[in-house]
Amino acid sequence: MSSHTNYLNAKKGFASWALTIDHKRIGLMYLVSIMSFFLLGGLFALLLRTELLTPAHTIVDAKRYNQLFTLHGAIMVFLVIIPGIPASLGNFVLPLMLGAKDVAFPRINLASYYIYVLGAIVALSSLFVGAIDTGWTFYTPYSTTTDGGVVLMVTAAFILGFSSIFTGLNFIVTTHKLRAPGMTWFRMPLFIWGIYSTAVIQIMATPVLAITLLLLIVERTLKIGIFDPVLGGDPVLFQHFFWFYSHPAVYIMILPGMAVVSELIAVFSQKRIFGYKQIAYSSIAIAGISFLVWGHHMFVSGQSELVGMIFSALTFLVAIPSGVKMFNWLATMNQGSISFKTPMLWALGFFFLFAIGGITGVFLGTLSVDVHLHDTYFVVAHFHYVMVGGTFMAFMGGIFYWWPKMTGKMYSEFWGATSTLMVVVGFNVTFFVQFLMGAQGMPRRYYSYLEQFQIYHQISTIGSYILGLGFVTAMITLLVSLKKGQNAPANPWKAASLEWTHTDVIPIEHNFHEQPVVTEGPYEYR
């Protein structure tokens, strides 16, 4: 075998990729699929924003508008952000970081990818039978009575849940059973702690969504009254079931982002991370609290004032472990030797945007304020500051960080930094004004609006074009590096975790030439 043989060239041909059980190749296949759906969901978002340039008809009618925001939400949530970091980056680096040859169940890992592809195909097929217009939350009773491909889209989300469970199962068993000799729990990189906590939520919460969606399908097809009051059902019951999963799902999305940021802050500050155990425990705490706060989505659903007060108080608890992470990251950077490379710029963007998303979450967790802001653009802005400003900024930072390990190529730092700046500027222009118009009463998801809101919508739409251009620039920067990028050194960031210190520039099929033995933590910078 050639000394230059690696996981990319060890086997060739379509079948070698289609049937691979190498976690790195599966991670790459996930990455390509997820970024493709991100482009599709992003295109729908740009069409939405273009329509909202004027309060009257601009490019699509009201029915098509409803379908566009539903498809944008469903694709971004179920096909992009939930699987994003765990399935792509997690698959690629988790075994490398642990010193393992692969995940615990490689064939289940491949099966989870094809289940994801099947779910995506079913979701997209709904476009051809009449696109769904319920919003990504599938609220009843509208979703049980409207036309369109509701059953297909709901079935797609049901299928995708199994992919998520399989991935989480694999990561938990791999973390417990396949750590390298000497790698104790507190010598694991914090990325592993974040992904592990995410996997616990995936396994425990996803079945609840699966049952809920199955009940919705049964109601639509067999006319059995479960959620529809006309048939004797209870629509509020659907909201309880849906948010019992979907609020933990918010942490399925954000915890992996926090996991990536923990790595980026330590590596690009070249400093031992401050409060390692506190950050690790805060990931577990967030996972636990996530199951207790679903009722804050339902303050105006008719639940009692006492229940509303309890859920409001519980919601504030989330701020504690999230604050622990933020303060420890800042303390890590203090007096560190900070290098403002592209991955670090994405991490700093995460800091800025996630802080705004977190603070505005406190407003929405406050019972009296939420009643005023419920179902307005304030909620849209908050959600995007957390999910895109938080999770997706970290996702992009992780891609740029591990890109040399994935491909053996370096990218243009200039264009990488430029794309980060464009995204941060475009994001704030798009969404900050939505806080303002939301606070003034502009409802979300409305096709038309009063003229007083037009200037806000126009600014937001211009921002979305800058944001879209920033993401496209980032992707082009990475793709160009494959053709014209310089060969990467073995450890371009001077990181101290196993995937950088004990593997080839591009890892071999089974990751390590010899079993690594861990004698110290992953952040022992000197």
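Source: prediction; values computed, not measured.

**Q** What's the story with the overall build of the protein chain in this structure? I'm lost.
**A** In terms of helices and strands, the protein chain carries 17 helices and zero strands. Computed over its C-alpha atoms, the radius of gyration of the protein chain comes to 23 Å, within 12% of the 24 Å expected for a compact globule of 526 residues. Expressed as lengths along the three principal axes of its C-alpha atoms, the size of the protein chain is roughly 65 × 50 × 45 Å. When each of the 526 residues of the protein chain is scored for burial, the buried share is 59%. Here the analysis covers contacts within the protein chain between residues at least 6 apart in sequence; of these, 81% occur between residues at least 24 apart. Only carbon and sulfur atoms are counted for the fraction: they give 70% of the accessible area of the protein chain, which is about 20500 Å². For the protein chain, the distance from the average site of its 27 positive side-chain charges to the average site of its 21 negative ones is 12 Å.

**Q** Explain the pattern of salt bridges to me, please; I cannot follow it from the model alone.
**A** The final tally for this structure, using the stated rule, is four salt bridges. Its salt-bridge partner being K24, residue D22 comes within 3.0 Å of it at the nearest N-O pair. K24 sits in the buried class, given a relative accessible area of 0%. Salt-bridge contacts for E524 lead to R272; the nearest nitrogen and oxygen are separated by 2.5 Å. Residue E524 is found in the segment after α17 (498–501), and its partner R272 is found in the loop between α8 (235–269) and α9 (276–289); the two are separated by 252 residues along the sequence. E524 sits in the partly exposed class, given a relative accessible area of 22%. Under the relative-accessibility criterion, R272 is labelled exposed at 51%.

**Q** In this structure, what is going on with the side chain of T391? I would like to understand it.
**A** Counting through the fold element by element, T391 comes out in helix α14 (residues 377–407). Residue classification places T391 among the buried positions, given a relative accessible area of 3%. At 2.9 Å, the side chain of T391 and the backbone oxygen of M253 are in polar contact. Excluding residues within four positions of it along the chain, T391 makes contact with I81, I85, M253, I254 and V386.

**Q** What should I look at first to understand unusual backbone geometry in this one?
**A** Glycine aside, residues mostly have negative phi angles, and peptide bonds mostly take the trans form. T140 connects to P141 through a cis peptide bond whose omega is 5°. Topologically, P141 is positioned in the loop between α4 (106–125) and α5 (142–145). For Q270, which is not a glycine, the phi torsion comes out positive at approximately 50°. Here Q270 is to be found in the loop between α8 and α9. By relative accessible area, which is 28% here, Q270 ends up partly exposed. One non-glycine residue, N511, adopts positive backbone phi at about 75°.

**Q** Looking at this model, I keep getting lost on α14. Mind explaining?
**A** Since the α-helix packs 3.6 residues into each turn, any two residues three or four apart lie on the same face. The largest bend along α14 measures about 40° and falls at Y401, with the proline P404 one to four residues further on. With 30 of 31 residues buried, α14 lies mostly within the body of the structure.

**Q** Just checking my understanding: could you explain the environment of W185 for this structure?
**A** Checked against the element boundaries, W185 lands in the loop between α6 (150–177) and α7 (190–222). Of the residues examined, W185 reaches a relative accessible area of 27% and is grouped as partly exposed. Taking the C-alpha atoms as reference points, W185 and H374, 189 residues apart in sequence, are found 42 Å from one another. Residues within four places of W185 in sequence aside, it is in contact with T175, H176, R179, W193, Y196 and Y276.

**Q** How should I be thinking about the environment of Q486 in this particular structure?
**A** As for its position among the elements, Q486 is in the loop between α16 (454–484) and α17. Apart from residues no more than four positions distant in its own chain, Q486 is found in contact with G408, K409 and M410.

**Q** Can you walk me through the packing of helix α2 (residues 23–51) against α4 in this structure?
**A** For any two helices packed against each other, one specifies the inter-axial angle together with the distance between the axes. The N-to-C vectors of α2 and α4 enclose an angle of 15°; their axes lie 10 Å apart at closest approach. Between α2 and α4, the angle is such that the two are roughly parallel. Relative to α4, α2 is oriented so that their crossing is left-handed. Between α2 and α4, the residues in contact are H23, I26, M29, Y30, S33, I34, F37 and L40 and P106, N109, L110, S112, Y113, Y116, A120 and L124, respectively. Classifying every residue of the contact of α2 with α4 gives 12 nonpolar, four polar and no charged.

**Q** Quick question: what am I supposed to make of the environment of G463 here?
**A** Structurally, G463 is set in helix α16. The spatial distance from the C-alpha of G463 to the C-alpha of F432 is 9.8 Å, given a sequence separation of 31 residues. For G463, the residues in contact, after removing those within four places along its chain, are G426, V429 and T430.

**Q** Please clarify how the nonpolar core should be interpreted in this entry.
**A** One recurring pattern in soluble globular proteins is that nonpolar side chains are buried together. Ranked by size, the top nonpolar core spans 166 residues in total, and within it F78, F138, F191, W329, F350 and W402 carry the most contacts. Considering every element that reaches this core, the biggest residue donor is helix α3 (residues 62–98), with 22 residues.

**Q** What am I meant to see in the packing of aromatic side chains here?
**A** Two aromatic rings, taken as a pair, are described by how far apart their centres are and by the angle between their planes. As enumerated under the stated definition, the model contains 49 aromatic pairs in all. Taken together, a centroid distance of 4.8 Å and an interplanar angle of 45° make the contact between F427 and F431 tilted. Within this pair, F427 and its partner F431 are both found in helix α15 (residues 413–439), separated by four residues, close to a single helical turn. One cation-aromatic arrangement involves R25 over W17; the distance from NZ or CZ to the ring centre is 4.1 Å.

Quick notes on the rules
Residues numbered from 1 in each chain as written. Predicted model: local features only at pLDDT ≥ 70, side-chain atom pairs only at ≥ 80, totals over all residues. Heavy atoms only, no water. Helix = DSSP H or I, 4+ residues; strand = E, 2+ residues; numbered from the N terminus. Rg over C-alpha atoms; globule rule 2.2 N^0.38 Å. Buried < 20%, exposed > 50% of the residue type's maximum accessible area, 1.4 Å probe, protein only. Contact = heavy atoms within 4.5 Å. Areas by Shrake-Rupley, 256 points an atom, 1.4 Å probe, with all protein chains shown as cover. Lys, Arg positive; Asp, Glu negative; His and termini not counted. Charge placed at Lys NZ, Arg CZ, Asp CG, Glu CD. Salt bridge = Lys/Arg side-chain N within 4 Å of Asp/Glu carboxyl O. Polar contact = N/O pair within 3.5 Å; in protein donor to acceptor, adjacent residues only side chain to side chain. Bend = angle between axes of the 7 residues up to and from the residue. Axes fitted to C-alpha atoms, helices over the stretch in contact; angles between N-to-C directions. Parallel < 35°, antiparallel > 145°, perpendicular 65-115°, else oblique. Left-handed = near helix turned anticlockwise from the far one by under 90°. Nonpolar A, V, L, I, M, F, W, Y, C, P; charged D, E, K, R; others polar. Core = buried A, V, L, I, M, F, W, Y, C linked by side-chain atoms within 4.5 Å. Phe/Tyr/Trp six-rings, centres within 6.5 Å; stacked < 30°, edge-to-face > 60°. Lys NZ or Arg CZ within 6 Å of the ring centre and 35° of its normal.

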